[in-house]
Amino acid sequence: MKHKHSILWAMAAIPLLIIACNKNDAMPSTSATTITIENVLDSKPLVESGSFKNTGASPVVMPGEAISIKFTAAKGQALSFATMYGWSNDLFFAPANPGIKLYQDNGTPVEGDVSAQIKLWDNGTRINQMPGAAVIHPGTTETAPRAITEVNGTDAQGNTYAPASTLMKATLHYEGNSNFTLIITNVSGGTTNPTPFSPGVWAISYSVGGNLLNPNPLFEVGKPSVNGLTNIAEMGDNSVLGNYINMQTGIFTPLSPVLVVLYKGIENPIYKIGENDRGKGLKDLAQKGDASGLAAYLKTLSGVKAVYILPAASSTVLLPKIGAQAGSSVSQQLSIASGDRIAIASMYGLSNDWFFATKDNGIDVTVKGDVSYSIGLFDNGTAINQFPGAGNEQAGLGGTPVTERKPIAEVPNPNGFTTLPSISSIIKVTIN
């Protein structure tokens, strides 16, 4: 009988043991993992560039004719261009570097006649002849190419020239929302130096922290001509330099300090596509790169386990690759448990209100390796968009975004301003 009671006790104990084991299995066991966010963008120094020519029967701009260049620019940026003085051996028109000033110091757009900023330059690769229709192209090569110099009245051979501003009229029009039109008119016909203008190129450099990434986008005074400028100055051929600056034009943007959220049992706490900004701090992150307000709010939510801003110094941004210099990265160790998820957010620094963030309901912490595929680029819908990196209302360029109210949506690509590389070519997220 005693043995029978032992068997019954043992049988009765089995469910208790099973329940106890299941309960222990369900208890979250914590472990450490590290999330790393990198700005892997292979950045470009020019925000915009292009070529121009006469749209008439001939690509050459003859006396009395005009061409126009349309572009977008922010305060601190400048427009540079180059076009051949057609009846010369190797002279070209261009503004002095970094180019035509587009805004007053107080941020007011420059408009009207800016011809005084146009100069005449000697490319230094051909011996100059008397300028005029009888000039022989391309002429005699200099024994040793000279550095580019300004032609101020006379050239190295003693030939005389009227001031560039009396041969070329440049008029700037502000169209609103950071958009400009420059009209170049050939007014040389009534002077002692009539000449056609060749097809040319133009470029605008990014401005970062008040400094231009490339203040000499087409040429540098005191140095030899490079990258195809000689083809313009000697033959009026803009294709080589046009191809070069096209390769130098593209995307540059820092990433703001990255918000990292560890949560469980709730939806992505940062945002939801189709909803308007909740007024809990995402707007400041998307417009100004300031994640502090959103971080403080998230810490109050049930289901949020930890909140970080990386790097801790809120003024530090993650820069992209610049030449041989690698892009910035940040890392954070997380204490995770089964069922946890991770969400991140960071501003597309040179935009009005774009932000990178994890799609849908974040990243499952059990997934390891490169999870960049889980990141999207979103429009917060709280500020009117402008050309990224060339908008005078972008906070990253010293402006104040103009308010709008639209639902949060993924940024299309192309987006009406520019074509972006893939998201994983800008921001890389790894969990190890």
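Just so you know, these numbers come straight off a predicted model, no measurement behind them.

### Quick notes on empty space enclosed by the protein
Taken as a whole and assessed by the stated rule, the structure comprises 2 cavities of 30 Å³ or more. Estimates place the volume of the largest cavity at around 40 Å³. If you go around the largest cavity, the residues you meet are P269, I270, D277, R278, G279, K280, G281, L282, L294 and Y297. Among the residues making up the lining of the largest cavity, the classes are represented as 5 nonpolar, 2 polar and 3 charged.

### Overview of the side chain of N159
One can find N159 in the loop between β9 (149–150) and α2 (164–167). Classification of N159 by relative accessible area gives buried; the value is 9%. Among the polar contacts listed, one links the side chain of N159 to the backbone oxygen of Q129, at a separation of 3.3 Å. Aside from chain neighbours lying at most four places away, what touches N159 is N128, Q129, M130, P131, G153 and T154.

### Considerations on the pattern of salt bridges
Applying the stated criterion across every chain, the model contains 9 salt bridges. For R126, the salt bridge goes to E234, with nearest N and O atoms at 3.1 Å. One end of the pair, R126, is in the loop between β8 (118–122) and β9; the other, E234, is in helix α3 (residues 229–235), with 108 residues separating them in the sequence. When its relative accessible area of 15% is taken as the criterion, R126 is described as buried. Taking relative accessible area as the criterion, E234 reaches 8% and is therefore assigned buried. When the shortest N-O distance is used, the salt bridge between D284 and K288 registers 3.5 Å. Here D284 and its partner K288 are both found in helix α5 (residues 282–288), 4 residues apart, which amounts to about one turn of the helix.

The rules behind each value
- Residues numbered from 1 in each chain as written.
- Predicted model: local features only at pLDDT ≥ 70, side-chain atom pairs only at ≥ 80, totals over all residues.
- Heavy atoms only, no water.
- 1 Å grid on protein atoms, 1.4 Å probe; cavity = no way out; pocket = protein on both sides within 12 Å on 5 of 7 lines; lining within 4 Å.
- Points joined across faces, edges and corners; volume = space filled by probe spheres on them.
- Nonpolar A, V, L, I, M, F, W, Y, C, P; charged D, E, K, R; others polar.
- Helix = DSSP H or I, 4+ residues; strand = E, 2+ residues; numbered from the N terminus.
- Buried < 20%, exposed > 50% of the residue type's maximum accessible area, 1.4 Å probe, protein only.
- Polar contact = N/O pair within 3.5 Å; in protein donor to acceptor, adjacent residues only side chain to side chain.
- Contact = heavy atoms within 4.5 Å.
- Salt bridge = Lys/Arg side-chain N within 4 Å of Asp/Glu carboxyl O.

Geometric descriptors of this kind do not, in isolation, establish any biological role.
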